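Notes for the structure review
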Amino acid sequence: MNRIRVTIVGGSGYTGGEVARLLLFHPEVELAQVVSSSRAGQYLHSAHPNLRGLSTLRFSHPDDLMPCDMLFLCLPHGATMGEIARYRQLAPRVIDLSADFRLRDPQLYQRWYGNAHQAPDLLPEAVYGLPELHREELREATLVSGTGCMATTAILGLAPLYRAGLMDANIPLVLEAKVGSSAAGAKPGSSSHHPERSGAVRSFQPTGHRHSAELIQELGLLGGHGSSGLPQAVAFSATSIELVRGILVTAHVFTKERIDERQLWRVYRETYQREPFIRIIKERTGVYRYPEPKILAGSNYCDVGFELDVEQQRIVVMAALDNLMKGAAGNAVQALNCMFGWDETLGLTFPGLHPV
């Protein structure tokens with residue numbers, strides 16, 4: 001069987017580099033083109049030195065973009081929506097890793113991203129690209145959105161509870177995401193300058209983070225609230241830590257009725273027992289008895305754990321992943337596998353490193 005031809009647009013950034021790394025080893029894919037306006041003519045390894053000796057591809061200029069079977073768009077937020085018609089003429093199926101097609105309601109873009117959406121007619125067509133939630137829709141999708149890395153972590157940690165209808169909607173959902181520096185992208189800034197970032201535990205968005213919109217949308221759908229979104233208030237904070245790759249989300253949720261440990265285990269096992277990239281991490285002893293992003297670097301796993309506070313009817317949910325993998329590129333390749341009916345684990349079986 002012939003391999004499909006895939007092109008990456010915006011291939012010089014961290015996410016584009018991770019997509020390239022994965023596709024170079026994907027048995028069903030030929031990486032045909034990697035596009036970058038800033039590095040046109042240079043070898044792929046000029047931006048991604050870990051790929052040295054693995055490919056002779058050079059970056060192409062955007063004006064030289066050729067037709068292909070699948071297009072990965074790894075462009076900054078806001079850069080895709082105005083050009084999406086052109087991209088869809090070049091490829092019958094598109095995965096956009098930016099935020100441009102994550103939300104179904106165009107009014108939410110004005111609220112959370114500060115600009116009117118330039119292609120609102122396409123939003124109902126775009127599939128939110130999280131296979132654990134939208135696997136069946138992905139099979140026929142021609143336009144798939146990427147997912148926010150912190151939103152993905154939180155949603156996967158909380159999905160079993162919302163599917164089971166256990167949450168007390170009268171109490172806000174309180175979450176904090178601790179995130180590594182690569183989530184800010186490859187472009188340097190004052191906050192990523194080494195003397196400023198090294199050793200940091202810095203609260204950079206205590207309120208109003210735009211990934212909240214994805215939580216409201218997707219957890220609302222899981223809870224049976226449809227397009228109206230999650231009726232429960234979401235209090236989401238984000239903190240930068242010294243880690244390069246990785247996210248740890250800690251969420252505090254309160255149940256409508258008292259439950260015990262056995263019921264909670266059943267809820268999580270029933271949801272995730274057949275998911276290839278979700279692992280329930282809850283050990284009695286050891287350093288790694290709860291999810292830890294450090295050991296997930298380079299892998300497509302999301303580790304989920306929980307602790308029950310019986311007295312307060314509170315569940316502390318912890319979820320961890322690599323923001324560049326399951327939070328971005330790895331998740332997008334998993335969505336690609338769903339779209340073409342392949343085994344979801346193709347090209348994604350790297351287990352991470354320990355120690356690292």
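These remarks concern the structure in this document. Owing to the predicted nature of the structure, the values given are computational and were not obtained by experimental measurement.

1. Some points on the overall build of the protein chain
If you tally the helices and strands in the protein chain, you get nine helices and 14 strands. Relative to the 2.2 N^0.38 estimate, which gives 21 Å for 356 residues, the radius of gyration of the protein chain is 20 Å and therefore close to what a compact globule would have. The C-alpha extent of the protein chain, read off along each of the three principal axes, is 60 × 45 × 45 Å. Within the protein chain, the proportion of its 356 residues that are buried is 53%.

2. Some thoughts on the layout of surface pockets
Roughly 390 Å³ of internal volume is contained in the second largest pocket. Together, 22 residues line the second largest pocket, and Tyr14, Ser182, Gly185, Ala186 and Leu324 are the ones closest to its centre. Residues of the lining of the second largest pocket, tallied by class, amount to eight nonpolar, eleven polar and three charged.

3. What to know about the sheet that holds strand E2 (residues 29-35)
As summarised here, the arrangement of the seven strands in space is E3-E2-E1-E4-E5-E7-E6, forming an open sheet in which the pairing is parallel. Here the strands that pair on one side only, and so sit at the sheet edges, are strand E3 (59-60) and strand E6 (127-128). As paired strands, strand E5 (residues 93-96) and strand E7 (residues 143-145) are joined by three bridges and run parallel to one another. The partner of Ile95 across the bridge, within E7, is Val144.

4. Quick word on the nonpolar core
The biggest cluster of nonpolar side chains holds 44 residues, and the ones touching the most others in it are Leu158, Leu161, Leu175, Leu219 and Ile315. Of all the secondary-structure elements, those providing two or more residues to this core are helix H5 (149-163), strand E8 (173-179), helix H7 (212-222), strand E10 (234-241), strand E11 (247-254), helix H8 (261-272), strand E13 (302-309) and strand E14 (314-321). At ten residues, H5 tops the list of elements feeding residues into this core. Non-local contacts of Leu175, meaning those with residues more than four positions away in its chain, are made with Ala154, Leu158, Leu215, Val234, Ala235, Phe236, Ser237, Val249, Thr250 and Ala251. One finds Val6, Leu22, Phe59 and Ala329 within the second-largest nonpolar core, a separate group that totals 38 residues.

5. Brief notes about helix H3 (residues 106-113)
Each α-helix turn comprises 3.6 residues. Residues three or four places apart therefore point the same way. When we look at burial in H3, the residues that qualify are Tyr109, Trp112 and Tyr113. Taken around the axis of H3, the buried residues stretch over an arc of 85°, which confines them to a single face. Facing away from the buried side of H3, by more than 90 degrees, are the exposed residues Gln107 and Arg111. Along its buried surface, H3 packs onto H7. Structurally, the start of H3 carries an N-cap: the backbone nitrogen of Gln107 is 2.9 Å from a side-chain oxygen of Asp105. Gly114 sits one or two positions beyond H3 and adopts a positive phi of about 80°.

6. Let's talk about the packing of aromatic side chains
One pass over the full model with this rule turns up five aromatic pairs. Judged by centre distance (4.9 Å) and plane angle (25°), the rings of Tyr268 and Phe306 are stacked. With a gap of 38 residues between them, Tyr268 in helix H8 and Phe306 in strand E13 connect regions that are remote in the sequence. On the basis of relative accessible area, Phe306 is assigned to the buried category, the value being 0%. Seen in terms of ring centroids, Phe340 and Trp342 are 5.0 Å apart; in terms of plane orientation they differ by 20°. Their pairing is stacked. Taken together, the ring pairs connect Trp265, Tyr268 and Phe306 into an aromatic cluster. Over the ring of Tyr43 we find Arg58; its NZ or CZ atom is 3.9 Å from the centre of that ring. Between the NZ or CZ atom of Arg93 and the centre of the ring of Phe340, over which it lies, the distance is 5.1 Å.

Rules and cut-offs
- Residues numbered from 1 in each chain as written.
- Predicted model: local features only at pLDDT ≥ 70, side-chain atom pairs only at ≥ 80, totals over all residues.
- Heavy atoms only, no water.
- Helix = DSSP H or I, 4+ residues; strand = E, 2+ residues; numbered from the N terminus.
- Rg over C-alpha atoms; globule rule 2.2 N^0.38 Å.
- Buried < 20%, exposed > 50% of the residue type's maximum accessible area, 1.4 Å probe, protein only.
- 1 Å grid on protein atoms, 1.4 Å probe; cavity = no way out; pocket = protein on both sides within 12 Å on 5 of 7 lines; lining within 4 Å.
- Points joined across faces, edges and corners; volume = space filled by probe spheres on them.
- Nonpolar A, V, L, I, M, F, W, Y, C, P; charged D, E, K, R; others polar.
- Pairing = 2+ DSSP bridges.
- Core = buried A, V, L, I, M, F, W, Y, C linked by side-chain atoms within 4.5 Å.
- Contact = heavy atoms within 4.5 Å.
- Arc of directions from axis to C-beta.
- Polar contact = N/O pair within 3.5 Å; in protein donor to acceptor, adjacent residues only side chain to side chain.
- Phe/Tyr/Trp six-rings, centres within 6.5 Å; stacked < 30°, edge-to-face > 60°.
- Lys NZ or Arg CZ within 6 Å of the ring centre and 35° of its normal.

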